[in-house]
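Okay, here's what each chain looks like letter by letter:
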Amino acid sequence: MSQICYHIHINGIVQGVGFRPFIYNLAMDHNLKGWVRNSASGVDIEVVGDPAEIENFIAQIPEQAPPLAQIDTMKSEKTSIKSYSDFKIIPSKNKETDFIPVSPDVAICDQCQTEMFDPDDRRYRYPFINCTNCGPRFTIIRDIPYDRPFTTMAGFMMCPDCREEYENPRDRRFHAQPVACPVCGPQVWLEITPGEKVSEKGAAIQQARQLLREGKILAVKGLGGFHLACDATNPKAVARLRSRKRRPAKPFALMAFNIDIIQKSVVTEPAALDLLQSPQSPIVLMPKKEGSDIAEEVAPGQSRLGFMLPYTPLHLLLTEPAKGFPSALVMTSGNLSEEPIIKENQTARTRLEGIADAYLLHNRPIHMRIDDSVFGIVEGEPYPIRRARGFAPNPIRLGNTLPQVLAVGPQMKNTFCLTRDKYAFLSHYIGEMENWETYQDFQKAVVHYQSLFRIQPLAIGYDLHPDYLTTKYALEKAQTDRLPAYPIQHHHAHLASGMVENGLDPEQMVAGLIFDGTGYGTDGAIWGGEVLIGNCLDFKRVLHQKYVPLPGGDLAIRKPARMALSTLWAYGIEWSENLTPYNSVSQIERKALKHQLESGVNTPSTSSMGRLFDVVASLIGIRQSITYEAQAAIELEALADASELGYYPWQIDGDEINIKPIITSILEELKDQVEKPVIAARFHNSIAQLSLEIAQQIKREFSIDHFVLSGGVWQNQLLLERTMALFKKENLKYLIHKQMPPNDGCVAFGQALITAYRYLQDKE
Ligand SMILES: [Zn+2]
Ligand SMILES: [Zn+2]
Ligand SMILES: [Zn+2]
C-alpha cells in the first residue's frame, strides 16, 4: 500500500490543554509517522501513513480533542512524501511576535479526583494533584511560553516519579506543567497566630475543619486568591463574618462537596447542573428552596443562592462530608470591602487579622489574582454576571481581524480589553477602580496581558468621564507611547459590545436599550436609561428617560430615599408624610435636600434606569439606604409576585421617556393598600412593556430590527425574562449577553471595538 503525507494546521485554544500528547497518541493508534509542534496561534502536524488511516486520523481530531481544547479552524493539505522513522513531539518554532494562547485555570477533573481519594495512589489526599486536563494555569503563569520555569511551580523540583510522568507522552501527566506529588510539590499548613505554624499537611486540613465545625472563620489560600470560609448553616458564624468584614448584607457565595447537597438548598435546572460541573466551575445563582439549612444571614433579602462546587483538590478535602461537619461553607473573597482579593500569605496575615480566626496557607505562589466567576441562568442558558476564573484569559472570537488596541474599561467592575488578529482579550474582572489597590492591580494586569499575548497597541480607548483613573491612565499612556486615544461614551460601548458578541457585523445599525446605573453622557449628565441607535463607529441617542436631579451624586445612590424624594420633586409631586422615604429622612436632611434641589448645587442630572428601581424600592418601603450596589433593585425583584401580569402606564414625550404616570400609579396603589409584591411585579412589567413599545416604535421609524439589551439593570432576571417573552411574541430580535456580563463587565470589550473601528476609519 502506498503511503501519503499530510500537513495539518489547527488554530484555536490548543496549547497548554494536552493537545500535543493527544495528537501523539492518536497518531500512534493509526500507525502514522511524522511530528506535531506548537506554532503561532495553534498546532502544526505532519503525518505520513496509509491514506485510510490518515483520513480517520483527521476526522477524529475534532471528535476526540481534549476537553479544554477549542478548535477554531483546521486546514489539511497533501504534501510531498517525506520519510520519518517515528512520530515525535518536536520543539515549537515561534517568532517573537507570535501569539500563544494561555489556558484559564481548570477545575479538578474526575480522574484526578478518583486518584486523590484512592488510598493506594501515591497522591492519596494530596491537595495539589493535577494533570494535563486540570489544575492551575493562568494564575501561575509568569511568562510565556507555558513551561514550568515560567510558572510559580519553578521553585519545586520534580521528583523522579513525577519527572517520569511528565516526560512520557503516553502518560496523562505528559507536560502537565504544575505536576506535583506529596514528595516534591507544594504543601499546606495551618496558622492560628499569624506566622506560627500549628499543623501541616493532612493534619492542618483536619484542624481547619475542626475550627469550621466550631463556627470559626478561616482564611483559605486557594487558586486565584484567598477566601474567607465559615459554616454556612451556622447563623452566628455567618453573622460574625458579616460584622468582622463590615459587610452587612451583600450575599456570600457558598461551596458544597457535591451536587446532591446543593440540590437540597436550591432548584437546579439542567443548565445550572452543567455549569456547576463544567471545567470552569463558576458560582451559579439558583432559586432558593423552602426548608434549606443555609442560614438566612448568607443572602438576606434574596430569592437566590450562589453555589459552586469544590474546584481544587484542597477545596474537596476541606468540604468533604463527615458527621457533624457543615454541609456547606460560605466561601467569600478574602479581602477588605472593595479591595482586590488577597493572594499572598503575608498580606493575608496582616490584612485579615481580626477577621480570620485561623489561616490555611500553602506555598504555591499565585502570580495573577483572579476572583470566582458568577453566572445566572436565563431561559435555560448561562447568563454571565462576573467573568473571571475559568474564563479569562480566553479571548472572545471576532468575525473580523482587528488592529491591536487597548481599551481601559470603566470605573466600576473594571475589566480592560486588548485586541489582535480575530481575538479580543477581555481581561478577568479587576474590580472597583476608585480603590488605589485595584488601580495598582489594573496597571500590572495590563502589562501582563500585553506581554503574554504580545500586543503592542496602536490606539487606546477610554471612558468619556474626565475624572476616572482609567481615563488618566489612558491619556498618559497615549502621550508616552504617542498613540491616538479615543474617548468613548459608556452606553455606546454597551451597545457595541452586545451586538458584536452576538456575531453582528460591526457596521450594521442596531438599537440598544441600555438600562444601566451610571455612565457619563456627552452632555455631562449621568446617563443610564438610554435608547441608542448605532454601530461600532458611532451612535445617536434617540430616547432617554427624563432627567431627574441626583442630589449629592453618590449620596443619592447610597440612599434610595433621597432619590425617591428628588424624583417626586422633579415631577412636581408633593412630599407627603405618609410616604416611607419621607419618614426615613430626618427633618433636617429633608430641608437641606429641598434646598439642594432648588439651588441645584452638587446636583447632576440623571436619566438612570438603575435609580428608577431604587426610587420604586424606596416608595414601596423595601429599602431606604443600601450597603452594596443595586441592593434596593435586587430586593425589589426578590419581592415581586411573578404571577402578576398587570402594568402601569407611561408617556413618551418627543425624545423623553416620562415615567411620572408609573410613579403616580404606584402612589395610588399604595394608598389603596395593594400588596407590595403585586406593585413590585407591576413595576417590572411596566419596564418590560415600555421596552416593547420602544422597540416597536424604532422598528417602524428606523426599520431597525435588532435590539441589544445591555446595562446593569438587565441583570434583573424578572425584567429580562418578561421583556424577552414580549419581544418573542412580537417577533422582535433581542440580543442579550452570553460571553460577558450585561453590567459594566462588558464595557471594555465595546470600547475596544469602537476604538479599533475608529482607528481604522481615521487611517483611511
Ligand atoms: Zn486532572
Ligand atoms: Zn513528585
Ligand atoms: Zn454601564
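The coordinates are above.
Please read all numbers here as calculations on a predicted model, not as lab measurements.

Rules of the game
Every residue gets a number counted from 1 within its own chain, in the order that chain's sequence is written. Think of it this way: whatever chain is written first is A, whatever ligand is written first is 1, and the rest follow in order. Thresholds applied to this predicted model are a pLDDT of at least 70 for local features of residues and 80 or more for the giving and counting of side-chain atom pairs; totals over whole chains, interfaces and linings are not thresholded and use all residues. Here the side-chain values reflect all heavy atoms present in the structure, with hydrogen atoms and water set aside. Helix and strand definitions follow DSSP, with helices as H or I runs of at least four residues and strands as E runs of at least two, each counted in order from the N terminus. Taken over C-alpha atoms, the radius of gyration is set against a globule rule of 2.2 Å times the number of residues to the power 0.38. With a 1.4 Å probe rolled over the protein chains alone, any residue whose accessible area is under 20% of its type maximum counts as buried; one over 50% counts as exposed, and the rest are partly exposed. A contact between two residues is defined here by any heavy atoms of the two lying within 4.5 Å. Only nitrogen, oxygen and sulfur atoms qualify as donors, and only when within 2.8 Å of the metal (3.2 Å in the case of Na, K and Ca); with water excluded, sites may look incomplete. In this description, the term disulfide denotes a pair of cysteine sulfurs within 2.5 Å. At least two DSSP bridges between two strands are needed for those strands to be called paired. For every element, the axis is a line fit to its C-alpha atoms; helices are fit only across the contacting stretch, and the angle between N-to-C directions ranges from 0 to 180 degrees. When four donors show all angles between 85 and 135 degrees the site is tetrahedral, when four or six donors have opposite pairs over 155 degrees and all other angles between 65 and 115 it is square planar or octahedral respectively, and in every other case it is irregular. Here a cavity denotes a set of grid points, spaced 1 Å apart and computed over the protein atoms alone, in which a 1.4 Å probe fits but from which it cannot get out, and a pocket denotes an open set meeting protein on both sides within 12 Å along at least five of seven lines; residues with an atom within 4 Å of a point are reported as lining. Grid points are joined across faces, edges and corners, and a volume is the space filled by probe spheres set on the points. Put simply, Ala, Val, Leu, Ile, Met, Phe, Trp, Tyr, Cys and Pro go in the nonpolar bin, Asp, Glu, Lys and Arg in the charged bin, and everything else, Gly too, in the polar bin. Stacked, tilted and edge-to-face are the three classes applied to pairs of Phe, Tyr and Trp rings, where Trp contributes its six-membered ring and a pair requires centres within 6.5 Å; stacked means planes under 30 degrees apart, edge-to-face means over 60, and tilted covers the rest. Charges are assigned to positions over rings by a cutoff of 6 Å between ring centre and Lys NZ or Arg CZ, combined with an angular limit of 35 degrees from the ring normal. Salt bridge, as applied in this entry: a Lys or Arg side-chain nitrogen positioned within 4 Å of an Asp or Glu carboxyl oxygen. Roughly parallel refers to an angle under 35 degrees, roughly antiparallel to one over 145, roughly perpendicular to one between 65 and 115, and oblique to any angle outside these ranges. In this scheme, a crossing is called left-handed if the near helix is turned counterclockwise away from the far one by less than a right angle; it is called right-handed if the turn is clockwise.

Caption draft 1: Quick look at the overall build of the protein. Counting its regular elements, the protein contains 23 helices and 30 strands. Over its C-alpha atoms the protein spans a radius of gyration of 27 Å, differing by no more than 12% from the 27 Å that the globule rule assigns to 764 residues. Expressed as lengths along the three principal axes of its C-alpha atoms, the size of the protein is roughly 90 × 65 × 50 Å. By the burial criterion, 62% of the 764 residues in the protein qualify as buried. Long-range pairs, those at least 24 residues apart, make up 72% of the contacts in the protein between residues at least 6 apart in sequence.

Caption draft 2: Just the coordination of the zinc ion (ligand 1), in detail. At 2.3 Å from the zinc ion (ligand 1) lie its protein donor atoms, namely Cys109 (SG), Cys112 (SG), Cys131 (SG) and Cys134 (SG). Read N to C, the donor residues that coordinate the zinc ion (ligand 1) are spaced as C-x2-C-x18-C-x2-C. The class of Cys131 is buried, set by a relative accessible area of 0%. On the basis of relative accessibility, which here comes to 0%, the residue Cys134 falls in the buried class.

Caption draft 3: Main features of the state of the cysteines. Enumeration according to the criterion identifies zero disulfides in this entry. Cys417 supplies the cysteine sulfur nearest to Cys536, a cysteine that is in no disulfide, at a spacing of 12 Å.

Caption draft 4: Examining the pairing of strand 16 (residues 381-386) more closely. Across five bridges, strand 15 (residues 374-378) lies against strand 16 in antiparallel orientation. Bridge assignment links Ile377 to a residue of strand 16, and that residue is Pro382. Hairpin geometry of strand 15 and strand 16 is characterised by an intervening segment of two residues between the two adjacent antiparallel strands and by a positive phi of about 45 degrees at Glu379.

Caption draft 5: Up close: the sheet that holds strand 20 (residues 459-463). As summarised here, the arrangement of the five strands in space is 17-19-18-20-21, forming an open sheet in which the pairing is mixed. In this open sheet, the two edge strands, each paired with only one partner strand, are strand 17 (396-402) and strand 21 (485-488). Between one strand axis and the next, the sheet turns by 30 degrees as a mean value, whatever way the strands run. Pairing geometry for strand 20 and strand 21, over four bridges, is parallel. Within strand 21, the residue paired with Tyr462 across the bridge is Pro487. Set on the sheet, helix 12 (residues 469-480) makes contact with strand 18 (405-407), strand 20 and strand 21; between it and strand 20 the angle comes to about 160 degrees.

Caption draft 6: Layout of the coordination of the zinc ion (ligand 3). Those donors, His490 (NE2), His494 (NE2), Asp516 (OD) and Asp744 (OD), are the protein atoms that reach the zinc ion (ligand 3), and they lie 1.9 to 2.2 Å from it. Each of the four donor atoms around the zinc ion (ligand 3) contributes to a set of angles spanning 98 to 147 degrees, which defines the coordination as irregular. Taken in sequence order, the residues that donate to the zinc ion (ligand 3) follow the motif H-x3-H-x21-D-x227-D. Of the two residues, His494 sits in helix 13 (residues 490-501) while Asp744 sits in the loop between strand 30 (733-735) and helix 23 (747-763), which places them 250 residues apart along the sequence. We classify Asp744 as buried; its relative accessible area is 9%.

Caption draft 7: Region of interest: empty space enclosed by the protein. Counting across every chain of the model gives four cavities of 30 Å³ or more. Approximately 130 Å³ is the volume found for the largest cavity. In this structure, the largest cavity is lined by 18 residues; those nearest its centre are Pro136, Leu223, Thr312, Pro313 and Arg364. Residues that form the lining of the largest cavity fall into these classes: twelve nonpolar, four polar and two charged. Roughly 40 Å³ of volume is contained in the second largest cavity. Surrounding the second largest cavity, Gln545, Val548, Met563, Thr567, Ser608, Arg611, Leu612, Val615 and Ile659 form its lining.

Caption draft 8: Summary view of unusual backbone geometry. With an omega of 5 degrees, the peptide bond running from Ala392 to Pro393 counts as cis. Here Pro393 shows up in the loop between strand 16 and strand 17. One non-glycine residue, Lys413, lies in positive phi territory at about 50 degrees. Residue classification places Lys413 among the buried positions, given a relative accessible area of 14%. In this structure, Arg482 takes a positive phi of about 50 degrees despite not being glycine. The residue Arg482 is located in the loop between helix 12 and strand 21 in this model. Judged by relative accessible area, which is 76%, Arg482 ranks as exposed.

Caption draft 9: Representation of the packing of aromatic side chains in the model. The final tally for this structure, using the stated rule, is 20 aromatic pairs. An angle of 70 degrees between the planes, with centres 6.3 Å apart, marks the rings of Phe117 and Phe257 as edge-to-face. Note that Phe117 is positioned in the loop between helix 3 (110-116) and helix 4 (160-167) and Phe257 in the loop between strand 10 (254-256) and helix 7 (259-263), a separation of 140 residues in sequence. Taken together, the ring pairs in this structure connect Phe138, Phe416, Tyr423, Phe425, Trp436, Tyr439, Phe442, Tyr449, Phe453 and Tyr473 into an aromatic cluster. Taking the ring centre of Trp189 as reference, the NZ or CZ of Lys197 above it sits at 5.3 Å. The ring of Tyr582 carries the charged tip of Arg590 above its face, separated from the ring centre by 3.7 Å.

Caption draft 10: Main features of helix 18 (residues 609-619). Within helix 18, eleven of the eleven residues are buried, which leaves the element mostly enclosed by the surrounding structure. Here helix 18 has its buried residues at Met609, Gly610, Arg611, Leu612, Phe613, Asp614, Val615, Val616, Ala617, Ser618 and Leu619. Within two residues after helix 18, Gly621 carries a phi angle of roughly 85 degrees, on the positive side.

Caption draft 11: Looking closely at the pattern of salt bridges. For the structure shown, the criterion picks out 32 salt bridges. Notably, a salt bridge pairs Asp481 with Lys477, separated by 3.4 Å at the nearest N-O pair. For Asp481, a relative accessible area of 38% corresponds to the partly exposed category. Connected via shared salt-bridge partners are Glu115, Arg122, Arg123, Glu165, Arg172 and Arg173.

Caption draft 12: Region of the structure containing the packing of helix 18 against helix 21 (residues 676-702). Closest axis-to-axis distance for the helix 18/helix 21 pair is 11 Å, and the angle between their directions is 155 degrees. On the basis of their axis angle, the class for helix 18 and helix 21 is roughly antiparallel. Considering the relative orientation of helix 18 and helix 21, their crossing is right-handed. Side by side, helix 18 and helix 21 meet where Met609, Leu612, Phe613 and Val616 of the first sit next to Phe683, His684 and Ile687 of the second. Residue composition of the contact of helix 18 with helix 21, by class: six nonpolar, one polar and no charged.

Caption draft 13: Geometry of the environment of Leu513. Topologically, Leu513 is positioned in strand 22 (residues 510-520). Overall, the relative accessible area of 0% leaves Leu513 in the buried class. Separated by 280 residues in the primary sequence, Leu513 and Thr233 have C-alpha atoms spaced 41 Å apart. When sequence neighbours within four positions are dropped, the list of residues in contact with Leu513 reads Glu530, Ser691, Ile694, Phe707, Val708, Leu709, Ser710, Trp714 and Phe727.

Caption draft 14: Inspection of the packing of helix 20 (residues 660-671) against helix 21 at higher detail. It is the contact of helix 20 with helix 21, at a shortest axis distance of 11 Å, that shows an interaxial angle of 165 degrees. Our classification of the angle between helix 20 and helix 21 gives roughly antiparallel. In terms of crossing hand, the pair formed by helix 20 and helix 21 is right-handed. Each of Ile662, Ile666, Glu669 and Leu670 in helix 20 lies in contact with helix 21, whose residues at this interface are Ile679, Arg682, Phe683, Ser686 and Ile687. Here the contact of helix 20 with helix 21 is composed, by residue class, of six nonpolar, one polar and two charged.

This is a description of form; function is not addressed.
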